[in-house]
Amino acid sequence: MSTTDNPVVIGVVDKQPTALLVAVAEARLRGVPLRVVHSTWVATQAGDVYMGLDASEAVRAAGRELLDDARRLVEHEAPDLVADYELTSTPAEMVLQEAASDAAVIVVGSDDVPWYDRILRTRIAGHLAMHAPCPVVVVPELSYPGRHDGDVVVTIDGDTAAEGPLGFAFDEASRREASLHVLHVTRVGAPVERAGRERDDVERALADWRERFPDALVLATFRHDEVEDAILRATEQSALVVMGRPHRNAVPFAASRSAAARVLRHAHCPVAVVPPR
């Protein structure tokens with residue numbers, strides 16, 4: 001059980017039940033409550049402007065129905081889990097950003113949605129992944145969480161910013177009783193001496209964590225590859241992939257916002273984006 005009551009918070013939208021299942025599993029692993037939030041803000045504004053107040057009330061009624069469906073799913077999957085359900089007209093981005101201040105984890109569905117859905121919602125996952133003060137788990141809808149007992153993969157570059165991702169990854173692997181696969185990628189064409197320095201940096205970063213988690217089964221892999229391609233391949237066989245938040249000096253594991261965005265859009269398993277600390 002967790003030593004705190006910081007909840008797992010999930011922002012639910014239509015057509016993304018897989019994210020809810022991942023959030024339920026995460027709350028159960030941590031022994032903490034689940035907070036389920038649904039925002040009607042964009043759809044309600046559209047209703048007020050284009051369809052009138054009756055249509056806006058219909059939007060809110062649909063939101064209540066969505067939360068009822070979520071409640072039934074949670075109660076079926078985890079009848080003993082303490083869960084709270086919140087319907088709000090505040091923009092989802094604002095609600096979840098505020099919730100992140102005392103959340104253990106934020107769970108959201110991927111932003112990779114059809115264009116006709118995207119015009120009615122902001123790109124919430126990408127924003128939270130870059131700005132939330134807690135880890136953000138982004139869940140692709142096509143990835144049913146049936147591999148929850150698979151490996152945890154963490155991608156690092158030896159930079160000091162790896163402290164947060166490594167700590168989260170070791171903790172997740174320990175809770176799941178899973179092996180931890182540490183993936184370091186040096187871009188194709190990089191000088192050989194640079195690859196050697198980066199490998200040494202990664203090994204030094206891992207040494208302290210191996211001492212903290214002496215029972216952890218840790219496998220470190222070093223590759224020359226395109227970073228995004230290597231991470232996306234890792235998502236095909238893993239239960240969870242952990243990435244650091246893109247930072248100014250990141251080269252191998254979060255080379256740029258565009259690289260991170262591509263991974264979040266096309267991953268085959270949940271991806272956790274973790275702040276440096």
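Described in the following lines is the structure provided in the data block. (Residues numbered from 1 in each chain as written. Predicted model: local features only at pLDDT ≥ 70, side-chain atom pairs only at ≥ 80, totals over all residues. Heavy atoms only, no water.)

1. Section: the overall build of the chain
Applied cut-off: Going along the chain from the N terminus, every DSSP run of H or I of four or more residues is numbered as a helix, and every run of E of two or more is numbered as a strand. Here the term buried applies to any residue with accessible area under 20% of the maximum for its type, exposed to any over 50%, and partly exposed to those in between, with areas from a 1.4 Å probe on protein chains only. Whether two residues are in contact is decided by their heavy atoms, any of which lying within 4.5 Å being enough.
For the chain, the count of helices and strands is 10 helices and 10 strands. The proportion of buried residues among the 277 residues of the chain is 51%. Residue pairs in contact within the chain that sit at least 24 positions apart in sequence constitute 80% of those at least 6 positions apart.

2. Details of the side chain of Arg30
Locating Arg30 in the fold gives a position in helix H1 (residues 17-30). A relative accessible area of 9% places Arg30 in the buried class.

3. With respect to the pattern of salt bridges
It is possible for side chains of opposite charge to pair when their charged atoms get near one another. Rules: A side-chain nitrogen of Lys or Arg and a carboxyl oxygen of Asp or Glu constitute a salt bridge if their distance falls within 4 Å.
If you walk through the whole model with that rule in mind, you get 12 salt bridges. Between Glu57 and Arg60 there is a salt bridge, with its nearest N and O atoms 3.4 Å apart. Of the two residues, Glu57 and Arg60 are both situated in helix H3 (residues 53-77); the distance of 3 residues between them amounts to about one turn of the helix. Owing to a relative accessible area of 27%, Arg60 belongs among the partly exposed residues under this scheme.

4. Remarks on the side chain of Asp225
The topology assignment puts Asp225 in the loop between strand S8 (218-224) and helix H9 (227-235). Each residue touching Asp225, except ones within four places of it in the same chain, is listed here: Val185, Thr186, Arg187, Val188, Ala230 and Arg233.

5. Concerning the packing of helix H4 (residues 92-99) against helix H6 (residues 124-131)
Heads up, the condition is: Angular values range over 0 to 180 degrees, each being the angle between N-to-C directions of two axes fitted as lines to C-alpha atoms, with helices fitted over their stretch in contact. For classification purposes, angles smaller than 35 degrees are called roughly parallel, those larger than 145 roughly antiparallel, those between 65 and 115 roughly perpendicular, and all remaining angles oblique. Helix crossings get a hand from a simple test, with the near helix turned counterclockwise from the far one by less than a right angle marking a left-handed crossing and a clockwise turn marking a right-handed one.
At a minimum axis distance of 10 Å, the contact between H4 and H6 shows a crossing angle of 30°. Relative to H6, the element H4 lies roughly parallel. As for the relative orientation of H4 and H6, their crossing is right-handed in sense. Contact residues: H4 offers Ala92, Glu93, Leu96 and Gln97, while H6 offers Ile124, His127, Leu128 and His131.

6. A few points about H4
Quick reminder of the rule: Think of the arc as the fan of directions from the helix axis to the C-beta atoms.
All of the buried residues in H4 are Val95, Leu96 and Ala99. The buried residues of H4 all sit within an arc of 90° when viewed along its axis, so they share a single face. Across H4 from its buried face, at more than 90 degrees, point the exposed residues Met94 and Glu98. Looking at the buried side of H4, the elements it contacts are strand S1 (8-11), strand S2 (34-39), strand S3 (83-88), strand S4 (105-109) and H6.

7. Comments concerning the sheet that holds strand S9 (residues 240-244)
What counts, and what does not: DSSP-based pairing: two strands are paired if at least 2 bridges between them are found.
Spatially, S3-S2-S1-S4-S5-S10-S9-S6-S7-S8 is the arrangement adopted by the 10 strands of the open sheet, whose pairing is mixed. What marks the edges here is a single partner per strand, and that holds for S3 and S8. Sheet twist, expressed as the average angle between the axes of neighbouring strands with direction ignored, equals 20°. Helix H7 (residues 163-176) contacts S4, strand S6 (152-155), strand S7 (180-186), S8, S9 and strand S10 (271-274) of the sheet and is inclined by roughly 165° relative to S9.

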